[in-house]
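Here is what each chain is made of, one letter per residue.
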Amino acid sequence: MSHRSVPQIWHTLGHVDVVHGLYYLIMRGVFGLWDGGLVALRLPSVLAVAAAAVGVIRLGQRLAGTWTGLLAGLVFPLLPPVQRYAQEGRSYALVCALITWASCLLVSSLSRPGRRGWVAYGAVILMACLLHEFAVLMLVAHGVAVFRARSARPVTRAWSIAAGGVLVGLFPLAAFSTTQSAQVDWIGTPDAGEVLGFVATALLGVAFARSAGRARGPITLSALALPLLILPSTLLMLTSPLHPLYVDRYVLASAIGFALLAGSMLDRLRRSARCAGTVHRVTCAVALAMVLATLVPVSTALRKPASRENDAVAIARAVQDIAEPGDGLLFMPSRRRVWTLARPDSFRSLSDLALEQTPVASDTLFGTELPTDRIRERILTRARVIAVRDLEGQPLDANAREAAKRSTLDAYFEECASRTVTQARITVYARPGHC
């Protein structure tokens with residue numbers, strides 16, 4: 001997407017992915033400055049997490065003191081979700097950085113109210129919401145923090161005006177994105193593991209909040225951190241009976257709240273260790289070392305290819321290994337053609353039998369396909385066909401084109417070999433007796 005022209009991106013957003021439009025344009029600017037492939041793709045996320053960590057340090061310092069800030073800033077990039085999205089070429093790390101610094105601006109504006117500070121706060125959090133709509137949940141958390149702080153009425157009114165401006169600025173995108181809501185139909189109801197993981201984290205945060213010190217300004221650390229940690233995930237989970245929308249990366253910025261609370265707890269342990277005996281100090285050191293040791297296998301796993309649910313590069317390499325020049329190529333369903341976009345050269349020697357217009361030419365992510373009878377005719381011209389499919393057990397698309405692909409392969413071809421690569425099943429079909 002980021003290698004398309006601006007008009008092409010604009011036309012594509014009319015069909016799909018309008019919620020990611022700003023991120024695509026930002027990345028187009030990055031690639032325009034330096035087309036460094038995967039490094040350039042991931043570098044903004046790495047820098048964003050670094051910027052967020054600095055923001056967490058500053059927040060902790062303003063709310064609870066230097067040591068709390070430093071410890072919170074060290075905890076933040078060690079959290080597994082933060083480690084994951086620091087690596088990925090997606091918008092979530094950028095959103096997290098913007099929410100962190102919007103929180104800093106909020107604390108500053110509560111301490112020293114002024115029009116310039118509130119305008120800056122509104123602009124930063126609006127940018128976060130335009131990068132991903134669900135960042136507006138962090139705005140709700142900020143609202144709870146402001147009202148918990150029992151600020152003076154003019155301050156509360158100023159925050160309300162800033163929040164209203166954010167909602168007005170976000171409304172056109174939010175309204176249009178509802179026309180593309182089918183894109184999130186894949187999201188299921190949170191499973192027991194997700195719910196229990198969130199509840200455990202929230203309870204840990206509540207326990208840490210008890211160690212938070214007194215307010216050093218108009219708001220306490222826990223008054224800001226607890227709403228950030230708990231409220232966004234709770235609101236998304238509560239939508240599940242109407243429309244499941246909870247995905248952990250949508251609320252990645254909640255990690256800011258947990259890091260602040262953990263930093264406060266660690267600072268309390270540091271202070272108690274200074275006044276305690278040797279045995280207590282050793283016990284605290286061993287406990288901390290054990291916690292850090294548990295992160296090692298998680299951190300290592302996150303940096304292995306197996307951690308990628310859809311490794312488009314590995315899929316492209318597998319197709320190259322298994323295919324021969326002149327083979328036909330089918331994507332079943334057609335949306336799996338998106339896997340070709342990362343390494344299009346890997347598929348040049350193959351004939352995409354169902355394709356009418358490429359993704360770029362049609363201003364789509366998946367391209368457009370031929371009518372059913374033409375797909376069947378083109379399949380029958382080939383002796384061998386490579387099918388890139390969903391894994392076994394996934395629901396089959398019921399539309400006529402997908403049904404024609406399956407029925408033609410079943411009737412005129414036999415399955416020769418199959419290979420699973422992350423979420424793709426790559427199968428070789430050939431005419432009977434020619435495997």
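That block above? That's the structure.
One structure accompanies this document, and this report is about it. (Residues numbered from 1 in each chain as written. Predicted model: local features only at pLDDT ≥ 70, side-chain atom pairs only at ≥ 80, totals over all residues. Heavy atoms only, no water.)

Some details on the nonpolar core
Then, number 1: Membership of the largest hydrophobic core comes to 88 residues, with the highest contact counts inside it found for Phe76, Ile99, Tyr121, Ile219, Leu224 and Ile256.
Then, number 2: For this core, the element with the most residues is helix 6 (residues 92–111), which contributes 12 residues.
Then, number 3: Excluding anything up to four places from it in sequence, Ile256 contacts Val56, Leu59, Phe76, Cys96, Ile99, Thr100 and Leu228.
Then, number 4: In terms of nonpolar packing, the next biggest core, distinct from the first, is built from 17 residues, Ile315, Val319, Ile322 and Val428 among them. (Core = buried A, V, L, I, M, F, W, Y, C linked by side-chain atoms within 4.5 Å. Buried < 20%, exposed > 50% of the residue type's maximum accessible area, 1.4 Å probe, protein only. Helix = DSSP H or I, 4+ residues; strand = E, 2+ residues; numbered from the N terminus. Contact = heavy atoms within 4.5 Å.)

Quick notes on the environment of Val56
Then, number 1: Looking at the secondary structure, you find Val56 in helix 3 (residues 37–64).
Then, number 2: If we skip the residues at most four places from it in the chain, Val56 touches Gly69, Ala72, Gly73, Phe76, Thr100, Ile256, Ala259 and Leu260.

A word on the pairing of strand 5 (residues 384–390)
Then, number 1: Of all seven residues in strand 5, seven are buried, a share of seventy percent or more.
Then, number 2: With five bridges connecting them, strand 1 (residues 328–332) and strand 5 associate as parallel partners. Considered in strand 5, the bridge of Phe331 is made with Val388.
Then, number 3: Bridge count for strand 5 against strand 7 (residues 424–430) is seven bridges, and the pairing is antiparallel. Bridge pairing links Asp390 to Ala424 in strand 7. (Pairing = 2+ DSSP bridges.)

Observations regarding the pattern of salt bridges
Then, number 1: For the structure shown, the criterion picks out 15 salt bridges.
Then, number 2: Between Arg336 and Asp390 there is a salt bridge, with the nearest N and O atoms lying 2.5 Å from each other. Taken together, the positions of Arg336 in the loop between strand 1 and strand 2 (351–352) and Asp390 in strand 5 put the pair 54 residues apart, joining distant regions of the chain.
Then, number 3: Among the ionic pairs, Arg374 bridges to Glu377, the shortest N-O distance being 3.4 Å. Linking Arg374 with Glu377, this pair stays in helix 15 (residues 372–379), spanning three residues, or about one helical turn.
Then, number 4: Among the ionic contacts, a cluster of salt bridges with common partners joins Arg337, Asp352, Glu369, Glu402 and Lys405. (Salt bridge = Lys/Arg side-chain N within 4 Å of Asp/Glu carboxyl O.)

Details of the pairing of strand 6 (residues 414–421)
Then, number 1: With seven bridges joining them, strand 6 and strand 7 adopt antiparallel strand pairing. From the neighbouring strand, Thr420 faces strand 7, where its bridge partner is Arg425.
Then, number 2: Hairpin connection of strand 6 to strand 7: two residues between the antiparallel strands, including Thr422 at a positive phi of 45°.

Brief notes about the state of the cysteines
Then, number 1: For the coordinates displayed, the defined rule picks out one disulfide.
Then, number 2: In this model, Cys416 is linked to Cys435 through a disulfide, with the two sulfur atoms separated by 2.1 Å. Here Cys416 and Cys435 share a disulfide; its torsion about the S-S bond, -85°, makes the bridge left-handed. In this pair, Cys416 sits in strand 6 while Cys435 sits in the segment after strand 7, placing the two residues 19 residues apart along the sequence.
Then, number 3: Classification of Cys416 as partly exposed rests on a relative accessible area of 27%.
Then, number 4: The closest cysteine sulfur to the non-disulfide-bonded Cys96 is located on Cys104, 12 Å from its own sulfur.
Then, number 5: Given the relative accessible area of 2%, Cys96 is considered buried. (Disulfide = S-S within 2.5 Å.)

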